[in-house]
Amino acid sequence: MGASAIINEDFGKISLLPLPWAKLRGARIFCTGATGFVGSYLATMLSKLGSEKDLNLNLKLFRRAGSLTKVSIPGIHWIDGDITGEFLPHDFAPDIIIHAASPANTQAYAKNPEGLFQTNILATHYLLDQARKNGSTFIYFSSAAVYQNQHGRLSEAAPGALMENGARFTVYAASKLGGELLCQDYREKYGVDCRVIRPFNIHGPGESFKHGRFFPDLIRQALEKTEIVVMGSGSPVRDSCYIMDFVSGLLYILLNGKSAIYNIGNEENTYTILELAQQIAEQSGKIEVVGPLCATLHTAGDSLVPDTTKLRQLGWRPQVNLQECIRRCMNSYQ
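Residues numbered from 1 in each chain as written. Predicted model: local features only at pLDDT ≥ 70, side-chain atom pairs only at ≥ 80, totals over all residues. Heavy atoms only, no water.

(A) Up close: the overall build of the chain. Per the secondary structure count, the chain includes eleven helices and 15 strands. Over its C-alpha trace the chain gives a radius of gyration of 19 Å, about what one expects of a compact globule, namely 20 Å for 334 residues. Each principal axis of the C-alpha atoms in the chain carries an extent, and together these give about 55 × 45 × 40 Å. When burial is assessed residue by residue, the chain has 54% of its 334 residues classed as buried. Of all intrachain contacts in the chain linking residues separated by at least 6 positions in sequence, the fraction that spans at least 24 positions is 82%. Split by element, the accessible area of the chain, about 14500 Å² in all, is 50% carbon and sulfur. One way to put it: in the chain the 32 positive side-chain charges average out to a point 3 Å from where the 31 negative ones average out. (Helix = DSSP H or I, 4+ residues; strand = E, 2+ residues; numbered from the N terminus. Rg over C-alpha atoms; globule rule 2.2 N^0.38 Å. Buried < 20%, exposed > 50% of the residue type's maximum accessible area, 1.4 Å probe, protein only. Contact = heavy atoms within 4.5 Å. Areas by Shrake-Rupley, 256 points an atom, 1.4 Å probe, with all protein chains shown as cover. Lys, Arg positive; Asp, Glu negative; His and termini not counted. Charge placed at Lys NZ, Arg CZ, Asp CG, Glu CD.)

(B) View of the pattern of salt bridges. In the structure shown here, the tally under the stated rule is 16 salt bridges. Between Lys133 and Asp129 there is a salt bridge; the shortest N-O distance is 3.7 Å. Note that Lys133 and Asp129 are positioned in helix α4 (residues 113–134) at a spacing of four residues, about one turn of the helix. In this structure Lys133 comes out as exposed when scored by relative accessible area, which is 54%. Bridged by salt links that share partners, the residues Glu9, Asp10, Glu324, Arg327 and Arg328 form one connected network. (Salt bridge = Lys/Arg side-chain N within 4 Å of Asp/Glu carboxyl O.)

(C) Region of interest: the packing of α4 against helix α6 (residues 171–190). Where α4 meets α6, the axes come as close as 9 Å, and the angle between the chain directions of the two elements is 15°. One finds that α4 runs roughly parallel with respect to α6. For the pair α4 and α6, the sense of crossing is right-handed. Counting all contacts with α4, which are made through Leu116, Asn120, Ile121, Thr124, His125, Leu128, Asp129 and Arg132, the residues of α6 involved are Val171, Tyr172, Ser175, Lys176, Gly178, Gly179, Leu182, Cys183, Tyr186 and Tyr190. Of the residues contributing to the contact of α4 with α6, the split by class is nine nonpolar, six polar and three charged. (Axes fitted to C-alpha atoms, helices over the stretch in contact; angles between N-to-C directions. Parallel < 35°, antiparallel > 145°, perpendicular 65-115°, else oblique. Left-handed = near helix turned anticlockwise from the far one by under 90°. Nonpolar A, V, L, I, M, F, W, Y, C, P; charged D, E, K, R; others polar.)

(D) Broad picture of the sheet that holds strand β10 (residues 237–239). If you trace the four strands from one edge of the open sheet to the other, you get β6-β15-β10-β13, paired in mixed fashion. The sheet terminates laterally at β6 (153–154) and β13 (270–272), the two strands that pair on one side only. On the sheet, helix α9 (residues 273–284) packs against β10 and β13 and is oriented at approximately 100° with respect to β13. (Pairing = 2+ DSSP bridges.)

(E) The arrangement of the nonpolar core in detail. Within the largest apolar cluster, 70 residues are counted, with the highest numbers of intra-cluster contacts made by Trp21, Ile98, Phe141 and Phe246. A total of ten residues in this core trace back to one element, the largest contributor, which is helix α8 (residues 243–256). Apart from residues no more than four positions distant in its own chain, Ile98 is found in contact with Ile29, Phe30, Cys31, Thr32, Leu42, Leu46, Ile139 and Phe141. Ile83, Phe87, Tyr126 and Tyr140 belong to the second largest nonpolar core, which has 23 residues in total. (Core = buried A, V, L, I, M, F, W, Y, C linked by side-chain atoms within 4.5 Å.)

(F) Representation of unusual backbone geometry. A cis amide bond, omega 10°, links Gly291 with the succeeding residue Pro292. Relative to the helices and strands, Pro292 is located in the loop between β14 (288–290) and β15 (303–306). The phi torsion at Asp54 lies on the positive side, around 55°, for a residue other than glycine. Structurally, Asp54 is set in the loop between α2 (37–52) and β2 (58–64).

Here is the structure:
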């Protein structure tokens, strides 16, 4: 089963969710980041939902002018522009703005750190102002990187509280937190409906092998090599949320949620990096795991796992366990 077949199967499950789909009827939706892994999957699902449920959605997706990424999604109108400029069409008043654009891998923002500021601060401020003027619901993609790695599941804390705990943020995390503070400001000053989501580890069809993420890298080794090498200690604890469950979580927030902060991840799929490598090797059926090669690279407190209680209170439940997530990801690359 290839990526297209898997995505179609995912859509069948999303379309059956007990959500008030009529709230989307005739909605004008503007989305950034739709050429990326998560954004393109989300846009595809919105397009399919609009068609199957006769929602008459008006979907406009932003991409940087001259972008080499070609994502073909039926019923979508692309807006080419500059992320640092006024890129929302003047004749389009969106009901929903989804700001999913951001360099999200270390290679991208190490090469272009100013891109983080442009996307997570400048563009967020611009789109929040457009949401204020148009009365739009604003969905901001933040990141689990705003949390400190620690034992236990991480509950949603306000950005100010995260700053006060003395955490040392990366440039990426600091820029995401800056975007959250802007959302908080617009919520408090102007009453803008800002729904901040903090994605944890999201995986699925379309995730690139080139960005240095541990999950697709371990799968790449299983598909291309005769062994999986665990370079570090193998002890960091993470979760994995299949992208269908992530998008369904976003839809629950959009249709059942309120102006607040929500984690999206899957604490039911929790593992150490070494355990993940062993599970991937087991599913491949012909691979052995080498390592861990460095027993002191990480501390025992390196854990980044969400508490999704707030999202579950909206009715959301993840459907894909870790073994199925691995299987679907492996099949999508073959």
